[in-house]
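# Summary of structural features
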Amino acid sequence: MEVYVSGDQIVFKSDKVKSLGFTDYNESLWHKVKEMKWNIRFSRPKNKEKRKPYIYSSNRGNQVDLHRFVMEHWYGESMMKDAKKHDYVVDHLSNESLNCRISNLCFIPRTLNTSKGNDFDIRRKEAEKGFALNI
């Protein structure tokens, strides 16, 4: 995977997916990111058409997803441990798994994340087909 800075974002480019992954550029974050080897993995839902790509690194012997890595960078390791202790997960607000901008990430309860994925996310995608925006 190719990782580079473009403007105000860190970009992740892989031949495994058509879209680019990205997060906000921050000098200290960039120094951490560029030292790691990043890859793409796919979620494993029962319906293979619903597979989502996620950027991850398995450096340091542990696998870490980019969205969790970014949240830990901004909020700290203790906040991540506390979130996990209270069964919170990192959610992509836009449901775009490759958009790891801090403004697209939040902590939500695991149960809400599951129900969101099984209801709202499906209905939202279906509703998008019926909307148009004219400027």
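Residues numbered from 1 in each chain as written. Predicted model: local features only at pLDDT ≥ 70, side-chain atom pairs only at ≥ 80, totals over all residues. Heavy atoms only, no water.

## Quick word on the sheet that holds strand S5 (residues 53–57)
With antiparallel pairing, 3 strands are arranged side by side in an open sheet as S4-S5-S6. Across the chains shown, the open sheet's two edge strands, defined by having one partner strand only, are strand S4 (38–42) and strand S6 (64–65). Relative to S6, S5 runs antiparallel, the two being bridged by 2 bridges. When the bridges of S6 are listed, Tyr56 appears paired with Asp65. (Pairing = 2+ DSSP bridges. Helix = DSSP H or I, 4+ residues; strand = E, 2+ residues; numbered from the N terminus.)

## Examining the environment of Asn99
Of note, Asn99 is situated in the loop between strand S7 (88–92) and strand S8 (105–109). The buried category is assigned to Asn99, whose relative accessible area is 11%. Along the primary structure Asn99 and Ile55 are separated by 44 residues, whereas in three dimensions their C-alpha atoms are 9.8 Å apart. Setting aside its immediate chain neighbours within four residues, Asn99 contacts Phe22, His92, Ser94, Asn104 and Leu105. (Buried < 20%, exposed > 50% of the residue type's maximum accessible area, 1.4 Å probe, protein only. Contact = heavy atoms within 4.5 Å.)

## Side note on the nonpolar core
Ile10, Phe12, Val33, Trp38, Ile55, Leu66 and Phe69 are the most contacted members of the largest nonpolar core, which has 19 residues in total. Of all elements in the fold, only strand S2 (9–13), helix H1 (27–33), S4 and helix H2 (66–75) reach the threshold of two or more residues within this core. Ranked by the residues each element gives to this core, the list is headed by H2, at 4 residues. When neighbours within four sequence positions are excluded, Leu66 is seen to be in contact with Phe12, Trp38, Ile55, Tyr56 and Cys100. (Core = buried A, V, L, I, M, F, W, Y, C linked by side-chain atoms within 4.5 Å.)

## Details of the environment of Leu66
Within the secondary structure, Leu66 is located in helix H2. In this structure the C-alpha to C-alpha distance between Leu66 and Cys100, which are 34 residues apart in sequence, comes to 7.0 Å.

## As for unusual backbone geometry
You will see that Asp87, though not glycine, has its phi angle at about 60°, which is positive. The residue Asp87 is located in the loop between helix H3 (77–85) and S7 in this model. For Asp87, a relative accessible area of 36% gives the class partly exposed. You will see that Asn95, though not glycine, has its phi angle at about 65°, which is positive. On the basis of relative accessibility, which here comes to 11%, the residue Asn95 falls in the buried class.

## Regarding the sheet that holds S2
Across the sheet, 3 strands lie side by side as S1-S2-S3; this open sheet has antiparallel pairing. Of all strands in the sheet, those bounded by a partner on one side alone are strand S1 (2–6) and strand S3 (21–24). Recorded for the sheet is a direction-independent mean angle of 20° between the axes of neighbouring strands. The sheet contact formed by S2 and S3 spans 4 bridges and is antiparallel. Looking at S3, one finds that Val11 is bridged to Phe22. (Axes fitted to C-alpha atoms, helices over the stretch in contact; angles between N-to-C directions.)

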